[in-house]
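Working through the structure, step by step
Spelled out, the chains give:
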Amino acid sequence: MEENVNYPDEGKNYDFVQQQVFYTGVGDALDKPLKEGFQSKQPEFVLAYDKKLNEADSLTTFRFQKSKQSDMYFLNRMIITATQENGETVRQSFLFASKGANFTIKECVNMMMGRAVYKEGLVYKKDGVEKKYNAWNELNPNDVDAYGNKKITRYNEKYGYVVEKTLQTKTMQTLFPELSDPKVLFRAAEELKRGDRYMATMVDPETNNHVKHYLVASPYDRQTKVFDLKMNPVELKLPKLEKEKKETQSEGQDQKLNQKETPSEEVRQKGGRKQRA
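Numbering of residues starts from 1 in each chain and follows the order in which that chain's sequence is written. Local features in this predicted model are restricted to residues of pLDDT 70 or higher, and side-chain atom pairs are both shown and tallied only at a pLDDT of 80 or more, whereas totals for entire chains, interfaces and linings draw on every residue. Neither water nor hydrogens contribute to the side-chain values; these are computed over all heavy atoms in the structure.

Topic: the pattern of salt bridges
Applicable threshold: Here, a salt bridge means any side-chain nitrogen of Lys or Arg that lies within 4 Å of a carboxyl oxygen of Asp or Glu. Put simply, DSSP H or I for four residues or longer makes a helix, DSSP E for two residues or longer makes a strand, and each gets a number counted from the N terminus. When a residue's accessible area, from a 1.4 Å probe over protein chains only, is under 20% of the maximum for its type it is buried; when over 50% it is exposed; and in between it is partly exposed.
The final tally for this structure, using the stated rule, is 13 salt bridges. The residue Arg 197 makes a salt bridge to Glu 55 at a minimum N-O spacing of 3.8 Å. Taken as a pair, Arg 197 in the loop between helix H6 (182-193) and strand E8 (198-203) and Glu 55 in the loop between strand E1 (44-52) and strand E2 (56-66) lie far apart in primary sequence, 142 residues in all. Where Lys 193 meets Glu 164, a salt bridge forms, and the shortest distance between an N and an O atom there is 2.9 Å. Pair noted here: Lys 193 is in helix H6 and Glu 164 is in helix H4 (residues 163-167), with a separation of 29 residues, a long-range link. Judged by relative accessible area, which is 16%, Lys 193 ranks as buried. Connected via shared salt-bridge partners are Lys 41, Lys 66 and Asp 71.

Details of helix H1 (residues 13-26)
Heads up, the rule is: The span expected for a helix works out to 1.5 Å for each residue beyond the first. The arc in question is the one spanned by the directions pointing from the helix axis to the C-beta atoms. Between two residues, a contact is recorded if the distance between any of their heavy atoms is within 4.5 Å.
End to end, H1 covers 18 Å across 14 residues, agreeing with the expected 20 Å (1.5 Å per residue, within 8%). Listing the buried residues of H1 in full gives Asn 13, Tyr 14, Val 17, Gln 18, Gln 20, Val 21, Thr 24 and Val 26. One side of H1 holds all its buried residues, which, seen down the axis, span an arc of 155 degrees. Close packing links the buried residues of H1 with helix H2 (31-40), E1, E2, strand E3 (73-84) and helix H3 (105-112).

Digging into the side chain of Asn 110
For clarity, the threshold we go by: Between N or O atoms, a polar contact is any pair within 3.5 Å; within protein, one atom must be a potential hydrogen donor and the other a potential acceptor, and residues adjacent in sequence are included only when both atoms are from side chains.
Secondary-structure assignment places Asn 110 in helix H3. In terms of polar contacts, Asn 110 uses its side chain to reach the side chain of Arg 115, at 2.9 Å. Residues in contact with Asn 110, not counting those within four places in the same chain, are Glu 55, Arg 115, Val 117, Arg 194, Gly 195 and Asp 196.

Things to note about the sheet that holds strand E7 (residues 150-156)
Applicable threshold: At least two DSSP bridges between two strands are needed for those strands to be called paired. Here an axis means a line fitted to C-alpha atoms, over the contact stretch when the element is a helix, while the angle between two N-to-C directions is reported on a 0 to 180 degree scale.
The strand order across the open sheet built from three strands is E5-E6-E7, with neighbouring strands paired in antiparallel fashion. With one partner strand each, in any of the chains shown, strand E5 (117-126) and E7 form the two edges of the open sheet. On average, each strand axis in the sheet is tilted by 55 degrees relative to the strand beside it, whichever way the strands run. Where strand E6 (residues 129-144) and E7 come together, seven bridges link them in antiparallel fashion. Bridge pairing in E7 links Asn 137 to Arg 154.

Observations regarding the side chain of Gln 92
Looking at the element boundaries, Gln 92 is found in strand E4 (residues 89-95). Judged by relative accessible area, Gln 92 falls into the buried class, the value being 4%. One polar contact links the side chain of Gln 92 to the main-chain carbonyl oxygen of Lys 150, over a distance of 2.9 Å. Look past the residues within four positions of Gln 92 in its chain and what remains in contact with it is Met 78, Ile 79, Ile 80, Met 112, Leu 139, Asn 149 and Lys 150.

Digging into the packing of aromatic side chains
Given two aromatic rings, their pairing is described by the distance between the two centres and the angle made by the two planes. What counts here: Paired rings are identified among Phe, Tyr and Trp, the last through its six-membered ring, by centres lying within 6.5 Å, and are further divided according to the angle between planes into stacked (under 30 degrees), edge-to-face (over 60) and tilted (the rest). Each ring is checked for a lysine NZ or an arginine CZ that lies within 6 Å of its centre and within 35 degrees of its normal; such an atom marks a charge sitting over the ring.
For the coordinates displayed, the defined rule picks out 12 aromatic pairs. Aromatic ring contacts, followed pair by pair, group Tyr 14, Phe 38, Phe 45, Phe 62, Phe 64 and Tyr 73 into a single cluster. Taking the ring centre of Tyr 214 as reference, the NZ or CZ of Arg 197 above it sits at 4.1 Å. Across the ring face of Tyr 159, the terminal group of Arg 222 is positioned such that the distance to the ring centre comes to 3.8 Å.

Side note on unusual backbone geometry
Most peptide bonds are trans, and most residues other than glycine sit at a negative phi. At Asp 127, a position not held by glycine, the phi torsion is positive, near 55 degrees. In this model, Arg 222 sits at a positive phi of 55 degrees, which is unusual for a non-glycine residue.

Topic: the environment of Met 202
Note that Met 202 resides in strand E8. The spatial distance from the C-alpha of Met 202 to the C-alpha of Glu 178 is 9.0 Å, given a sequence separation of 24 residues. If near-sequence neighbours (up to four positions away) are discounted, Met 202 is found in contact with Leu 175, Phe 176, Asn 209, His 210, Val 211, His 213, Val 226, Val 234 and Leu 236.

These figures capture arrangement, not role.
In structure tokens:
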């Protein structure tokens, strides 16, 4: 990796890289071996960090490379191996941007589990000018590089998926009453943006049965999907309440009576004399 003008000067190199590692979720756990790696003056070195997450055990390998023009080191990428509860192992490499937002280990694992992550402050260049944008990010299983890494598909704000709005629909707030509380809705949206599954309680309006479900952000479909605790998809249907049922039945009976009492246009034309208005 060549020296990047976005990096600080050599004197602040360690502090900059240490902060990059810190905000992946590692904290200061790798500070000592990181400093030793800098002092080694080797062309490259790697550090490993393992973490137990809700759905998987993760092993993260940080790869650092030394500049060819100076003694500065760069955090080039992190390679994550995640072992799920069923024993299945998945592996993915994530490049590090020297400027703009990067993913945490947990966010990366969430994407490896097939979910999307919302990130603010991503950077791209247009006509030589750097611009920031916000977007949902997910790994595309149909777009894989030569090393088996899934490429990231991004959905910016113009794509139209706003997670908060999907949680505010009548169907969602009727079946999940807790979402009508602004604080709960905010917490749910924040968890979904990190790529987490949000556990919510579905309440059947007819039977009052309470059943736990997972909510999952799906920016591609522009909706928030619902799954049972075994991650089987659940189709949301808003049942008619008893009052609505009676009103519907009453309307249907009125329509039948009106049809019997009111002669058709054809009958009126044949059986009665037309009158001018």
